[in-house]
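Structural features, examined
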Amino acid sequence: MKKLIYLLPVLTVFLFSSCSSDDDENNENPEAVYNIVNNGNGGVTSINDANDSEPLEVVQAVPSVQNSDYPKSMPIVLFFNDKIYLNSLETGFEVMQNGEKIGGTVSINEGANGFAILTFSPSEIFASNATIELSLIGVQDDGGNEIDGGIYQLVYQTNNQNTGSFDGNGDFSSSEGVLFIGDGAIMNGNQGCVSPVTGSGFAAITTGDALISSGSAIGGASSMMILGAIEESFTSVSFSYNFLSTEFNEFVDSEFDDSVIVTVIGSEGAYSEFITSVNTVGIDGNTQCEGFPGIPDTGDDYAGATGWINKTINTGNIGTPAYVIFLVTDVADTIYSSVLAIDNVSY
């Protein structure tokens, strides 16, 4: 019951289902269908790196603290140390909710280092107080090397955190419809090198320990901001972002590539996109930032910032209610913090 579809050269879509022989005989609905969308070259359709003998590894996971509880609207994000061989996901990828297989969208984005970033969003938002288990079994990289140890598993629980509707709050004039996981806050007025784009404040999340709030990044590495529920229908989301990092400039072009991912989830689908990273910005793309709370928190006395950048992502019609989820994460380390500031959200 597998179906393979090729669209554009840079966009490959796999549809595959997990089903038993009884399902085939009785023509029943499959237990789970995974829609794999490959954005860029993070996923490959052939094994072509003969010089690669290192096992595939998950170098960063969100959520990263297993057997803890997280909001049911939160996606799962995995950062890898290589590209993923897409065909190996057909039999090697599975997500369970309370012991039952569930389907959804698997987005493979390409990081600045060329490696895969996998985001899973369920077909329907996870249930409250559920146990979620993601498994990668025998998944391979572009050299044919399996995931380290042959299997990777992530287990956590969901909760029902909810902050109301985000509609009409794109300038962050209130906390309505804004949920922070980790270290995040709505910041009022000028904060050193960062000033609001519209209104009197902006939102920010960090990879650090209580830099702008009383919270700490998940596993010392990642924070999220969940906007929603959004009841208005839309096909695109626009926002302004400013990416700050203590990793500028000494860790540019290294494996320590703090990154930003945006995921949009609705009742009829999901979309995920890699936005930026330390290596993407590079030395020439940032200027010194002074006066922002908490940074630099490690290393030398230089922290860099991109300044405000306007961004639009085309999500297509994903249905409502919908959620827009911003993630900033350390990659391959839990030090040298980064900050993502967001303002002027519209859809």
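Here the structure is a predicted model, which means the values were calculated and not measured.

**A closer look at the side chain of S272**
- With respect to the helices and strands, the residue S272 is situated in strand β21 (residues 269-277).
- A polar side-chain atom of S272 sits 3.2 Å from a polar atom in the side chain of T119.
- Look past the residues within four positions of S272 in its chain and what remains in contact with it is N39, S107, N109, T119, I261, V262 and T263.

**Description of the pairing of strand β7 (residues 76-80)**
- A large share of β7 lies buried, amounting to five of its five residues.
- Neither face of β7 is left uncovered, since the one carrying I76, L78 and F80 and the one carrying V77 and F79 both have all their residues buried.

**A word on the state of the cysteines**
- Taken as a whole, this structure holds one disulfide when the rule is applied.
- The disulfide bridge from C193 ends at C289, spanning 1.9 Å between sulfur atoms. Taking the torsion about the S-S bond as the criterion, the C193 to C289 disulfide, at about -75°, is left-handed. In this pair, C193 sits in the loop between β16 (183-188) and β17 (201-206) while C289 sits in the loop between β22 (287-288) and β23 (304-305), placing the two residues 96 residues apart along the sequence.

**Observations regarding the environment of F126**
- Checked against the element boundaries, F126 lands in the loop between β12 (116-122) and β13 (131-137).
- Sequence separation between F126 and V178 is 52 residues, and the spatial gap between their C-alpha atoms is 19 Å.
- Among all residues touching F126, those that are not within four sequence positions of it are K72, M74, I76, V95, Q97, I102, F120, I132, Y156 and T158.

**Some points on a negative patch on the surface**
- A surface patch of negative charge is lined by E250, E290, D300 and D301.
- Take E290: it is sitting in the loop between β22 and β23.

**Thoughts on the confidence of the model for the protein chain**
- On average, the protein chain scores 90 in pLDDT, and the residues at 70 or more come to 91%.
- Note that pLDDT drops below 50 for residues 1-11; the model gives that stretch 24 contacts with residues more than four away or on any other chain.
- In the model, residues 18-30 has pLDDT below 50 throughout and makes 15 contacts with residues more than four positions away in sequence or in other chains.

**Remarks on the packing of aromatic side chains**
- Considering all chains together, one arrives at 13 aromatic pairs under this definition.
- By the ring-pair criterion, three or more aromatic residues cluster together here, those being Y34, F93, F120 and F126.

**A few points about the sheet that holds strand β18 (residues 222-230)**
- Spatially, β15-β18-β25-β20-β21 is the arrangement adopted by the five strands of the open sheet, whose pairing is antiparallel. The outermost strands of the open sheet, each flanked by one partner alone, are β15 (178-181) and β21. For this sheet, the mean angle separating the axes of adjacent strands, direction not counted, is 15°.
- Pairing of β18 with strand β25 (residues 322-329), which is carried by seven bridges, proceeds in the antiparallel orientation.

**Quick notes on the sheet that holds strand β6 (residues 69-71)**
- On the basis of which strands lie adjacent, the open sheet formed by five strands has the order β6-β14-β13-β9-β10 and mixed pairing. Of all the strands in the sheet, the pair left with one neighbour each is β6 and β10 (100-101).
- Pairing of strand β9 (residues 93-97) with β10 involves two bridges; the strand directions are antiparallel. Residue pairing across strands places M96 opposite K101, the latter belonging to β10.

**A few points about the side chain of N279**
- Summarising the element assignment, N279 is placed in helix α3 (residues 278-281).
- On the basis of relative accessible area, N279 is assigned to the buried category, the value being 15%.
- In terms of polar contacts, N279 uses its side chain to reach the backbone amide nitrogen of D253, at 2.6 Å.
- The residues contacting N279, other than those within four sequence positions of it, are A112, F251, V252, D253, S254 and D257.

**Examining unusual backbone geometry**
- Following V62, the chain continues into P63 via a peptide bond in cis, with omega recorded as 5°.
- Tracing the backbone shows P63 in the loop between β5 (58-62) and β6.
- Here the amide bond leading from G228 into A229 is cis, since omega sits at 10°, within 30 degrees of zero.
- With respect to the helices and strands, the residue A229 is situated in strand β18.
- Not every positive phi belongs to a glycine, and D253 is a case in point at roughly 65°.
- If you trace the backbone, D253 turns up in the loop between β19 (236-245) and β20 (259-266).
- At N344, a residue that is not glycine, the phi angle is positive and equals roughly 60°.
- Checked against the element boundaries, N344 lands in strand β26 (residues 338-346).
- Residue class for N344 comes out partly exposed when judged on its relative accessible area of 31%.

What counts, and where the lines are drawn
- Per chain, the residues get numbers from 1 upward, laid out in the order the sequence is written.
- Residues qualify for local features only when their pLDDT is at least 70, as the model is predicted, and side-chain atom pairs are given and counted only at 80 or more; totals for whole chains, interfaces and linings, by contrast, use all residues.
- Hydrogen atoms and water are omitted, and side-chain values are computed over all heavy atoms in the structure.
- For the purposes of this entry, the term helix denotes a DSSP run of H or I that reaches at least four residues, the term strand denotes a run of E that reaches at least two, and both are numbered from the N terminus.
- Pairing of N or O atoms within 3.5 Å defines a polar contact, subject to two protein rules: one partner must be a possible hydrogen donor and the other a possible acceptor, and residues neighboring in sequence count only if both atoms are side-chain atoms.
- Residues are treated as being in contact if the distance between any of their heavy atoms lies within 4.5 Å.
- For each residue, the accessible area found with a 1.4 Å probe, counting protein chains only, is set against the maximum for its type, and the residue is called buried under 20%, exposed over 50%, and partly exposed in between.
- Count a disulfide wherever a pair of cysteine sulfur atoms falls within 2.5 Å.
- Think of a patch as exposed residues, more than 30% relative accessible area, with no salt bridge, where like charges cluster within 9 Å and nonpolar side chains (Val, Leu, Ile, Met, Phe, Trp, Tyr) cluster within 5 Å.
- Every accessible area reported is derived by Shrake-Rupley at a probe size of 1.4 Å, with residue values counting cover from the shown protein chains alone.
- In what follows, salt bridge is the name for a side-chain nitrogen of Lys or Arg lying within 4 Å of a carboxyl oxygen of Asp or Glu.
- In summary, the charge assignment counts Lys and Arg as positive and Asp and Glu as negative, without counting His or the chain termini.
- A single reference atom marks each charge: NZ on Lys, CZ on Arg, CG on Asp, CD on Glu.
- Known as pLDDT, the predictor's confidence for each residue is given on a scale from 0 to 100.
- Pairing of aromatic rings covers Phe, Tyr and Trp, the last counted by its six-membered ring, and requires centre-to-centre distances within 6.5 Å; plane angles under 30 degrees mean stacked, over 60 mean edge-to-face, and any other angle means tilted.
- Pairing between strands requires that DSSP locate at least two bridges from one strand to the other.
- Axis angles are defined between N-to-C directions and span 0 to 180 degrees, where every axis is a line fitted to C-alpha atoms and, for a helix, only to the segment in contact.

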